[in-house]
Amino acid sequence: LAISVYLATRLYALDRFPIFFHADEAFGPLTASDLLRGHLVDAYKRLLPIYFQPAPDRWMPIGTVYAHLVTVALWGRSVVVTRATTAVVSAAGAAAVALILRDGFRARRWWAGALVLGAMPTWFLHSRTGFEAAMMTAAFAVFCWCYVLYRRDDASGRAAKAYACAAVLSGAATFYAYSNGQSVMAVMGALLVVSDARYHWRRRRVLAPALALAVVLAVPFVRFRIAHPGA
């Protein structure tokens, strides 16, 4: 019910509020259209690229393009479709906030977390736009929830292994969703490695698949740095 209320307040009158449609909001669906026309290959002949060049001498990861790719393929390009894509994806972040309160803090009214997030003015604005920051933040919330599940002492070895891999996947989604996500995950990752070092060492066998997955997911970043060292 809380998520239904959240979505209703995101999806209503998307073409009327915010009253402007910023040029940056159009970048995602336009780039998705270009990829569809090129059969998922960009102008640089790269298959399924993650780093894009929104302006001369400026490169950034915009993995959110692939969320727009699905909606553009199904419903075309419009202000409503662009903003609805962000709104629906952002609901995963609202759900993750509530689940963190339930699974990490054992809060009795954990479900209210989604409503509190939805009522925050800045989030209300950005989750109704096509900006990448809202999807990045939603992915970060999912990462935090997955990490909380991994960090619980009552998690079995198999469950902890799955939670650790899910945390790596959602962390990578945060990293590649938007340029600021790179610094967010770099700092957060370093802090969690230090603060929970003993716990990680105790569960080092559980972490092995997640670390292997992290190496694979780092490949797009390494390839980009090699191809564009001065970017």
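The structure this text deals with has already been given above.
Residues numbered from 1 in each chain as written. Predicted model: local features only at pLDDT ≥ 70, side-chain atom pairs only at ≥ 80, totals over all residues. Heavy atoms only, no water.

1. Digging into the pairing of strand β1 (residues 51–55)
Sheet topology places β1 next to strand β2 (residues 58–61); 3 bridges connect them, and they run antiparallel. When the bridges of β2 are listed, Tyr51 appears paired with Pro61. (Pairing = 2+ DSSP bridges. Helix = DSSP H or I, 4+ residues; strand = E, 2+ residues; numbered from the N terminus.)

2. Comments concerning the packing of aromatic side chains
Applying the stated criterion to the full structure yields 11 aromatic pairs. Pairing Trp59 with Phe224 gives two aromatic rings, centres 5.9 Å apart and planes at 55 degrees, and the pair type is tilted. In this pair, Trp59 is assigned in strand β2 and Phe224 in helix α12 (residues 219–227), connecting sequence segments 165 residues apart. Side by side, Trp59 and Phe224 carry an identical accessibility label, which is buried. Their ring planes at 35 degrees and their centres at 6.2 Å tell us that Phe143 and Tyr147 sit as a pair that is tilted. (Phe/Tyr/Trp six-rings, centres within 6.5 Å; stacked < 30°, edge-to-face > 60°. Buried < 20%, exposed > 50% of the residue type's maximum accessible area, 1.4 Å probe, protein only.)

3. Quick notes on the nonpolar core
Judged by nonpolar contacts, the single largest core of 23 residues is most densely connected at Tyr51, Phe143, Tyr150, Ala160, Ala164, Phe175 and Tyr176. Among the secondary structure elements, those contributing two or more residues to this core are α7 (132–151), α8 (157–177), α9 (179–195) and α11 (204–217). The element that contributes the greatest number of residues to this core is α8, accounting for 7 residues. Leaving out residues up to four positions away in the same chain, Tyr51 has contacts with Arg46, Trp59, Met60, Pro61, Phe175, Tyr176, Gln182, Pro220, Phe221 and Phe224. Counting 11 residues, the second largest nonpolar core, distinct from the first, contains Ala32, Leu35, Met60 and Ala177. (Core = buried A, V, L, I, M, F, W, Y, C linked by side-chain atoms within 4.5 Å. Contact = heavy atoms within 4.5 Å.)

4. Looking at the environment of Val79
Structurally, Val79 can be placed in helix α4 (residues 79–103). Each residue touching Val79, except ones within four places of it in the same chain, is listed here: Leu14, Asp15 and Phe21.

5. Comments concerning α9
Here α9 spans 25 Å end to end across 17 residues, near enough to the 24 Å set by a 1.5 Å rise per residue. Of the residues making up α9, those classed as buried are Gly181, Gln182, Met185 and Leu192. All buried residues of α9 project into a common sector of 115 degrees when viewed along the axis, lining one side. The exposed set on the far side of α9, more than 90 degrees from its buried face, consists of Val187, Leu191, Val194 and Ser195. The inward-facing, buried residues of α9 contact β1, β2, α7, α8, α10 (197–202) and α12. (Expected span 1.5 Å × (residues − 1). Arc of directions from axis to C-beta.)

6. Digging into the side chain of Thr82
Note on placement: Thr82 falls in helix α4. Each residue touching Thr82, except ones within four places of it in the same chain, is listed here: Phe21, Glu25, Pro29, His68 and Gly130.

7. Focus on the pattern of salt bridges
Per the counting criterion, the structure on display carries 9 salt bridges. Between Asp42 and Arg46 there is a salt bridge whose closest N-O contact spans 2.5 Å. Across the pair Arg102 and Asp103 runs a salt bridge, and its minimum N-O distance is 2.8 Å. Overall, Asp103 belongs to the buried group, its relative accessible area being 9%. Each of the salt bridges in this network shares a partner with another, and the network as a whole consists of Arg151, Asp153, Asp196 and Arg202. (Salt bridge = Lys/Arg side-chain N within 4 Å of Asp/Glu carboxyl O.)

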